[in-house]
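Given next are the chains, with one letter for each unit.
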Amino acid sequence: MDLTTSEEYASQSKLLQEFTKVPSIDSAWVLKNNNDGISTAMFSISQPDLLANRTRKYSMYCHIKGAGTNSRDFQWSPFPTEMTGVSVIVPSPSGSKLLIVRNGEKGCPTKLEIVDQSHVEKEIHVGQSMHGPLYTDEWFHGISWNQEETLIAYIAEAPPQPRPVFSDSGYRKGDSSDEDCNTWKGQGDWEEDWGERYSKKGRPSLFVLDIASGEVRAAEGIATSLSVGQVVWVPPSSSGSQTYLVFVGWLEHNGFHNTARKLGIKYCSNRPCALYAIASPFERPETENKPVCDGKSDSAASAHNLTASISSAFFPRFSQDGKILLFLSAKQAVNSGAHNATDSLHKINWLSDWKMDKQLDVTEVVPIVMCPEDGCFLGLYCSSILSNPWLSDGCTMILTSAWRSTEVILSINVLSGKVTRITPEDSHYSWSALAIDGDNVLAVSSSPIDPPHIRYGRQVTPEGQTRRWTWDEVDSPLRTARDRVKSLLSHHSVTILQIPVANPSDDLSDGGKLPFEAIFVSCKDSSHSPTVVVLHGGPHSVSVSSYVKSSAFLASLGFNLLIVNYRGTPGYGEEALQSLPGKVGSQDVRDCLTAIDHVINEKLIDASKVAVVGISHGGFLTTHLIGQAPDRFVAGAARNPVCNLALMIGTTDIPDWCYMVACGTEAKKYASESPSPDHLRLFYEKSPIAHVSKVKAPLLMLLGGADLRVPVSNGLQYARALRERGGQVKIMMFPEDIHEIIM
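All values derive from a computational prediction rather than experimental measurement.

> Would you mind showing me how to read the packing of aromatic side chains here?
For the structure on display, the rule yields 19 aromatic pairs. Seen from their ring centres, Tyr 154 and Phe 207 are 6.2 Å apart, and the 25° between their planes marks the pair as stacked. Here Tyr 154 is found in strand E11 (residues 151–157), whereas its partner Phe 207 is found in strand E14 (residues 204–210), with 53 residues between them in sequence. Across the pair, exposure class does not vary: Tyr 154 and Phe 207 are buried alike. Ring geometry for Phe 314 and Phe 315: centres 5.1 Å apart, planes at 70°, overall edge-to-face. Judged by its relative accessible area of 5%, Phe 314 is buried. Here the aromatic cluster, defined as three or more aromatic residues joined through ring pairs, consists of Tyr 135, Phe 140, Trp 194, Tyr 198 and Trp 250.

Encoded structure:
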């Protein structure tokens, strides 16, 4: 490394530190308060620790006071508190208690702490014989206090099944430790897992803690072929004399042609699931306390499928009066095979005297939008729902959803089905709801050049005008780091560009012919600055106009950013999304080139200074573009890229994805663990490796050594093939990282 390179590294690493100092606001809760007009908000924030390859977690508090008719005063705690060793925190419904979960390392007990406002009221150690660590991810995670704050339901890893153990003395009887020396490590009996992120984790199972006694019981009556998550209590007024739990269940036998395989579930909403109800294990009569054997149970207490009429149901939420059970459905993803698609919202009118033998009707509240009209609602695209999403009227739900290239906050009247966008329509910022404070909304907003800041939404009625939402910016301790970074980006601007589809074919649906978008982050003199084309993964993911540290850092170095939401991206209607399967490597590549041509023709960028970067399917597009259009890019960078579908089909945790993107609507018909020679040929032809001989641009590859989604072999094969042909490629390996490399 010469002196110039060394100085450049030093300068850029110092600059990067400024970006890593900006915390992310992960979640928030508004806690009830006995004082009228005052509420307390608790925020969970995080900050990357790049050297340790981990994320630091903190909590912050503030009091929200009314300061006149149309304003609020936020009084913050002076410093954040680092949550060292804490896996997750969950306040009780009243806000008077806090559950702190500390998941133990392998072989250590899980600690559940019940914290009062002044002290630790209870500390329960749950041994491995009862269950392993709690699930805290977005899919299976579910921790729910009952209304009386006496019981907590949660999802944790089921204890491992006993296996024969052999030592140097032969077969070992009894309960001696597995840590004994000279023990045979080949345990046999391989078990399927849920793929990426869930390797070596036990089956997600439902448990209930009785706080007073410290006793933990496993829920009974749940088939062992079911993985469970997202548990909630049925409100007391809606369950009569019996207390019930509602949870999401995923059948583990979801391989090709209903074979016994768990396909990867992270980022994949196309896995069939349903809502189930079951009685609390602490209130079940003794005569019904029967264990489930081999996944079967004839007990009256067996889990009851509430949504058998629909192929997908998740994120269950009861209305405040307990009369309505709301949930999202990804039935379009399940039915089509696309790993993400447009969501729909459904409800069940819950009977106060409901019993397990009664079937309840499912009705649709918000349908799937196929081809949206100009300026109208585009459909639901939600990655989560608040634990308490209700305004005080009890029938208005607040959701965050993608809306083309932005993220917006929506209000939904669950009685009428009316959907209203409540965040500004003329803003290029992205917005996300954090918590509800009565009739007000605590939110966070950001843009590619403006780090996250807290907003407080209120409904106002100006004199002579209709009722509308206004959003106050909240001054917070987070502002100092945010403002430093904002000053570095003060000479940049953000525009969301409408890109017409180039030469649309006649076989496209109307929605597939609609314009797509690109977010353009431009320097002050953009036409002379180098440009980086940024491509999202999925392909059914979306790049919204929010703050992303890595992209903002690139912009601060003097690059324009062209962030392309090619067709197939959620947020534009279902027809546009479904136009891509079967056409990857062609339609998505053309869309990217069309977007680049658009900014060149508008004289916004220099055509001779264009690089391209992408993650996962974005890496697929990156390596396709430098191969199919070799003279248009001066460099490329791909993180965990899909480079050869023919290789990936036998190594990935989601082989169905390979069939879907390559075969489209015929995917389910042809999908197999033993692909035919014709399909292997098709997979190869649609892959970047088919164009590797034409690549001219130098390529940087970042690979996660523990990636199960796009195994490291995919990137290494492409890199070696490129070197074989004289190409320039640099590989950076992150040996312990999965598909999400911590950046």
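> Just checking my understanding: could you explain the nonpolar core for this structure?
Generally speaking, a soluble globular protein has its nonpolar side chains buried in company with each other. Counting 69 residues, the largest nonpolar core has Leu 206, Val 246, Phe 247, Leu 306, Leu 345, Trp 350 and Leu 380 as the members making the most contacts within it. Of the residues forming this core, the biggest block, seven residues, is contributed by strand E18 (residues 273–279). With 61 residues, the next largest nonpolar core counts Val 584, Phe 683, Val 695 and Val 710 among its residues.

> Sorry if this is basic, but what is going on with the pairing of strand E32 (residues 516–522) here?
Both faces of the sheet carry side chains from a regular strand, because those side chains alternate between them. Within E32, seven of the seven residues are buried, which leaves the element mostly enclosed by the surrounding structure. Two strands pair when backbone bridges link them, and strand E31 (residues 493–499) and E32 are joined in this way by seven bridges, in the antiparallel orientation. When the bridges of E32 are listed, Ile 496 appears paired with Ile 519. Bridge analysis of E32 against strand E34 (residues 560–565) gives five bridges, and the strand direction is antiparallel. From the neighbouring strand, Val 521 faces E34, where its bridge partner is Leu 561.

> Just to check I follow, could you spell out the sheet that holds strand E35 (residues 610–615) for this structure?
The strands making up a sheet are joined through hydrogen bonds of the backbone, oriented either antiparallel or parallel. One open sheet holds the eight strands; their spatial order is E31-E32-E34-E33-E35-E36-E37-E38, and the pairing between them is mixed. Across the chains shown, the open sheet's two edge strands, defined by having one partner strand only, are E31 and strand E38 (729–734). The sheet shows a mean angle of 15° between the axes of neighbouring strands, direction not considered. Contacts from helix H7 (residues 617–628) reach strand E33 (531–535), E35, strand E36 (635–639) and strand E37 (699–704) within the one sheet, and its direction differs from that of E35 by about 150°.

> Quick question: what am I supposed to make of the pattern of salt bridges here?
Side chains that differ in sign of charge can pair as their charged atoms come close. The full count for this structure, using the stated rule, is 33 salt bridges. The residue Lys 266 makes a salt bridge to Glu 138 at a minimum N-O spacing of 3.0 Å. With a gap of 128 residues between them, Lys 266 in the loop between strand E17 (244–251) and E18 and Glu 138 in the loop between strand E9 (120–126) and strand E10 (143–145) connect regions that are remote in the sequence. The exposure class of Lys 266 is buried, given its relative accessible area of 2%. In this structure, Asp 472 engages Arg 458 in a salt bridge whose closest nitrogen and oxygen atoms are separated by 2.8 Å. Linking Asp 472 in strand E30 (residues 468–473) with Arg 458 in strand E29 (residues 450–460), this pair joins segments that are 14 residues apart in sequence. According to the relative accessible area criterion, Arg 458 is buried, its value standing at 7%.

> Where do I start with the environment of Arg 639 in this structure?
Checked against the element boundaries, Arg 639 lands in strand E36. Distance from Arg 639 to Asp 656, taken between C-alpha atoms, is 21 Å for residues 17 residues apart in sequence.

> Sorry, what's going on with the state of the cysteines here?
As used here, a disulfide is simply a covalent bond connecting the sulfur atoms of two cysteines. What the rule picks out here adds up to zero disulfides. The structure places no disulfide on Cys 273, whose sulfur is separated from the nearest cysteine sulfur, that of Cys 268, by 12 Å.

> Quick question: what am I supposed to make of the packing of helix H6 (residues 587–601) against H7 here?
Helix packing geometry: the angle between the two helix axes and the distance between the axes. Between H6 and H7, the shortest axis-to-axis distance is 10 Å and the interhelical angle comes to 70°. When the axes of H6 and H7 are compared, the pair comes out roughly perpendicular. Each of Asp 588, Val 589, Cys 592 and Leu 593 in H6 lies in contact with H7, whose residues at this interface are His 617, Phe 620, Leu 621, His 624, Leu 625 and Gln 628. The residue makeup of the contact of H6 with H7, split by class, is six nonpolar, three polar and one charged.

Criteria and cut-off values
Residues numbered from 1 in each chain as written. Predicted model: local features only at pLDDT ≥ 70, side-chain atom pairs only at ≥ 80, totals over all residues. Heavy atoms only, no water. Phe/Tyr/Trp six-rings, centres within 6.5 Å; stacked < 30°, edge-to-face > 60°. Helix = DSSP H or I, 4+ residues; strand = E, 2+ residues; numbered from the N terminus. Buried < 20%, exposed > 50% of the residue type's maximum accessible area, 1.4 Å probe, protein only. Core = buried A, V, L, I, M, F, W, Y, C linked by side-chain atoms within 4.5 Å. Pairing = 2+ DSSP bridges. Axes fitted to C-alpha atoms, helices over the stretch in contact; angles between N-to-C directions. Contact = heavy atoms within 4.5 Å. Salt bridge = Lys/Arg side-chain N within 4 Å of Asp/Glu carboxyl O. Disulfide = S-S within 2.5 Å. Parallel < 35°, antiparallel > 145°, perpendicular 65-115°, else oblique. Nonpolar A, V, L, I, M, F, W, Y, C, P; charged D, E, K, R; others polar.

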